[in-house]
Amino acid sequence: MARDPANPDDERLPLFVVEDPRVTYARVDHPGDEPPPVRSILDVAVLDMHHGFPNLGHASVVDRLMRFAVEERRRLGPGAPGVRVVSYDVRLGLAVPSGAARFPLVVGTGGPGALDPRENDGVSPYAQGIREDPAWEPFLWRFFDALLAHPSAAFLGICHSFGLLARWAGSGTAVARPPAKGKSAGVVENVLTAEACAHPFFRGFRDAAGGERIQVLDSRLFDILPTGRDRGTVLAHEAGAEGGPGEAVTMVELARFADGTPRVWAVNHHPEIGDAGEQRARLLRIADSRQLSEEWLGERMRALEAWNASAAAERRLQITSSFTLEGPVRAVLARALRERRDALAG
């Protein structure tokens, strides 16, 4: 059982319950809080992009990473190194990892507000009440540079982090969804591209989904539109009004491992939101501990109801999560654990 050690009384973060004492959690609220590396522990980073905003995403990412770590350590057996999930408060605490080589895996979360922090002035329509210091941005851009350049480092960007990665790469621009579209929320459809269907890893996604159209759990106010810069591979678009691909990009890949597994990829949906019953319990706990609007709670409860509306819908969302998050993340963790075990043994 692990609680944020920097905030032991903070009820915004649920307890992360794991049965393996060598799988732990640490929080970096400010740059000076970063724990030193330990050779016998594999560090995995989470970039928390929520700016203190109430959310399910961060807790879900941390929980799933810790569960994957427990299972992959058990699968590896004796000699498996420990795993520590280190979460950085990027936007509010200005905390960015000091280096990329330390982390074989980094996951960036979703988050509220505009994708350009300079637009979050606390009053603008899409700032969602956030007044943001953009001082973290150049540090994050340099971290992204280092991640892409480091051949054994993997990164998954989710929702807000998808948009930040697109801004950093120059491949996409964030545009507020027009009134005719409204917010994309709940279970919606995306369309895989021809490149995804030919991809050594994601072509299995098309086969499992029974075609190019996939279901995702969504919650976004912005579309990411391509700029025309040829950087990375577009793997999916939102579904358009006529059922074909729309203009907004929803999944990209910037680098892959030699075996075809994605290495730097990002999705504009929420594959981290897992079992609906577990998420409902977490959501109610967060709601009980904070002053939250009925609108905020109601929207998220409706999204969970949509997730669990039918066995077929739940299965299709689980397929999406398995290909866009669980499969590649487990592969990265398993490889990194083996390599660290062998290094320790040598």
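Before reading on, note that the structure itself is shown above.
Residues numbered from 1 in each chain as written. Predicted model: local features only at pLDDT ≥ 70, side-chain atom pairs only at ≥ 80, totals over all residues. Heavy atoms only, no water.

## Comments concerning the overall build of the protein
Inference 1: In terms of regular secondary structure, the protein is built from nine helices and 12 strands.
Inference 2: For the protein, the proportion of contacts with a sequence separation of at least 24, taken over those separated by at least 6, is 74%.
Inference 3: Within the structure as shown, the protein displays about 14,300 Å² of accessible surface, and the carbon and sulfur contribution to it stands at 52%. (Helix = DSSP H or I, 4+ residues; strand = E, 2+ residues; numbered from the N terminus. Contact = heavy atoms within 4.5 Å. Areas by Shrake-Rupley, 256 points an atom, 1.4 Å probe, with all protein chains shown as cover.)

## Structural notes on the pattern of salt bridges
Inference 1: For the structure shown, the criterion picks out 30 salt bridges.
Inference 2: Of the charged contacts in the structure, one is a salt bridge between aspartate 43 and arginine 84, with a shortest N-O distance of 2.8 Å. One end of the pair, aspartate 43, is in strand 2 (residues 41–48); the other, arginine 84, is in strand 3 (residues 82–89), with 41 residues separating them in the sequence.
Inference 3: Take aspartate 43: its relative accessible area is 2%, and that puts it in the buried class. (Salt bridge = Lys/Arg side-chain N within 4 Å of Asp/Glu carboxyl O. Buried < 20%, exposed > 50% of the residue type's maximum accessible area, 1.4 Å probe, protein only.)

## Section: the sheet that holds strand 7 (residues 184–192)
Inference 1: Reading across the sheet, the 10 strands line up as 1-3-2-4-5-12-11-10-7-8 and stay open at both edges, with mixed pairing between neighbours. At either margin of the open sheet sits one strand with a lone partner, and together these are strand 1 (23–28) and strand 8 (213–220). Across the sheet, the axes of successive neighbouring strands diverge by a mean angle of 25°, strand direction being ignored.
Inference 2: Of the pairings in the sheet, the one linking strand 11 (residues 245–256) to strand 12 (residues 262–267) comprises five bridges and is antiparallel in character. The partner of valine 252 across the bridge, within strand 12, is alanine 266. (Pairing = 2+ DSSP bridges. Axes fitted to C-alpha atoms, helices over the stretch in contact; angles between N-to-C directions.)

## Observations concerning unusual backbone geometry
Inference 1: Non-glycine residue histidine 51 carries a positive phi angle of around 55°.
Inference 2: Its place among the elements puts histidine 51 in the loop between strand 2 and helix 1 (57–76).
Inference 3: The backbone of cysteine 159 sits at a positive phi, close to 55°, despite the residue not being glycine.
Inference 4: Tracing the backbone through its elements, the reader meets cysteine 159 in the loop between strand 5 (154–158) and helix 4 (160–169).

## Examining the nonpolar core
Inference 1: Residues Leu65, Leu105, Leu156, Ile158, Phe205, Met251 and Val329 are the most contacted members of the largest nonpolar core, which totals 45 residues.
Inference 2: Formed by 36 residues, the second largest nonpolar core is a distinct cluster that contains Val96, Leu164, Leu165 and Phe222. (Core = buried A, V, L, I, M, F, W, Y, C linked by side-chain atoms within 4.5 Å.)

## Comments concerning the environment of isoleucine 319
Inference 1: Tracing the sequence through the fold places isoleucine 319 in helix 9 (residues 311–345).
Inference 2: The class for isoleucine 319 is buried, based on a relative accessible area of 7%.
Inference 3: For the pair isoleucine 319 and glutamine 215, spaced 104 residues apart in the sequence, the C-alpha separation amounts to 8.7 Å.
Inference 4: Among residues more than four places away in sequence, those in contact with isoleucine 319 are Phe205, Ala208 and Ala209.

## Focus on the packing of aromatic side chains
Geometrically, a pair of aromatic rings is defined through the distance of the ring centres and the angle of the planes.
Inference 1: Summed over the entire model, instances satisfying the criterion amount to eight aromatic pairs.
Inference 2: The structure contains a cluster of three or more aromatic residues connected by ring pairs, namely Trp141, Phe144, Phe155 and Trp168.
Inference 3: Over the ring of tryptophan 168 we find arginine 231, and its NZ or CZ is 4.5 Å from the ring centre. (Phe/Tyr/Trp six-rings, centres within 6.5 Å; stacked < 30°, edge-to-face > 60°. Lys NZ or Arg CZ within 6 Å of the ring centre and 35° of its normal.)

## Here we look at the environment of phenylalanine 222
Inference 1: You can see phenylalanine 222 is positioned in strand 9 (residues 222–226).
Inference 2: Each C-alpha atom, one on phenylalanine 222 and one on cysteine 159, is 9.7 Å from the other, the two residues being 63 residues apart in sequence.
Inference 3: Excluding residues within four positions of it along the chain, phenylalanine 222 makes contact with Gly113, Ala114, Leu115, Tyr126, Ala174, Val175, Ala176, Arg177 and Asn268.

## Overview of helix 4
Inference 1: In terms of residue burial, helix 4 counts as a mostly covered element, since nine of its 10 residues are buried.
Inference 2: Within helix 4 the residues assigned to the buried category are His160, Ser161, Phe162, Gly163, Leu164, Leu165, Ala166, Trp168 and Ala169.

## Some words on the packing of helix 1 against helix 9
Inference 1: Where helix 1 meets helix 9, the axes come as close as 10 Å, and the angle between the chain directions of the two elements is 50°. Of the possible angle classes, the one that applies to helix 1 and helix 9 is oblique. Once helix 1 is placed against helix 9, the crossing between them reads as right-handed. Across from Arg64, Leu65, Phe68, Ala69, Glu71, Glu72, Arg73, Arg75 and Leu76 in helix 1, the residues of helix 9 making contact are Ser321, Leu325, Glu326, Val329, Arg330, Leu333, Ala334, Leu337, Arg338 and Arg341. (Parallel < 35°, antiparallel > 145°, perpendicular 65-115°, else oblique. Left-handed = near helix turned anticlockwise from the far one by under 90°.)

## Some details on the pairing of strand 2
Inference 1: Strand 2 sits mainly inside the fold: seven of its eight residues count as buried.
Inference 2: Looking at chain direction, strand 2 and strand 3 are connected through eight bridges and run parallel. Note that in strand 3 the partner of valine 46 across the bridge is serine 87.
Inference 3: Pairing of strand 2 with strand 4 (residues 105–108) involves three bridges; the strand directions are parallel. Note on strand 4: the bridge partner recorded for valine 46 is valine 107.

## Points about the packing of helix 3 (residues 136–149) against helix 4
Inference 1: The geometry of helix 3 relative to helix 4 is characterised by a closest axis approach of 11 Å and an angle of 80° between their N-to-C directions. Between helix 3 and helix 4, the angle is such that the two are roughly perpendicular. Mapping the contact onto sequence places Trp136, Glu137, Leu140, Trp141, Phe144, Asp145 and Leu148 in helix 3 and Leu164, Leu165, Arg167 and Trp168 in helix 4.
Inference 2: Split into classes, the residues belonging to the contact of helix 3 with helix 4 amount to eight nonpolar, no polar and three charged. (Nonpolar A, V, L, I, M, F, W, Y, C, P; charged D, E, K, R; others polar.)

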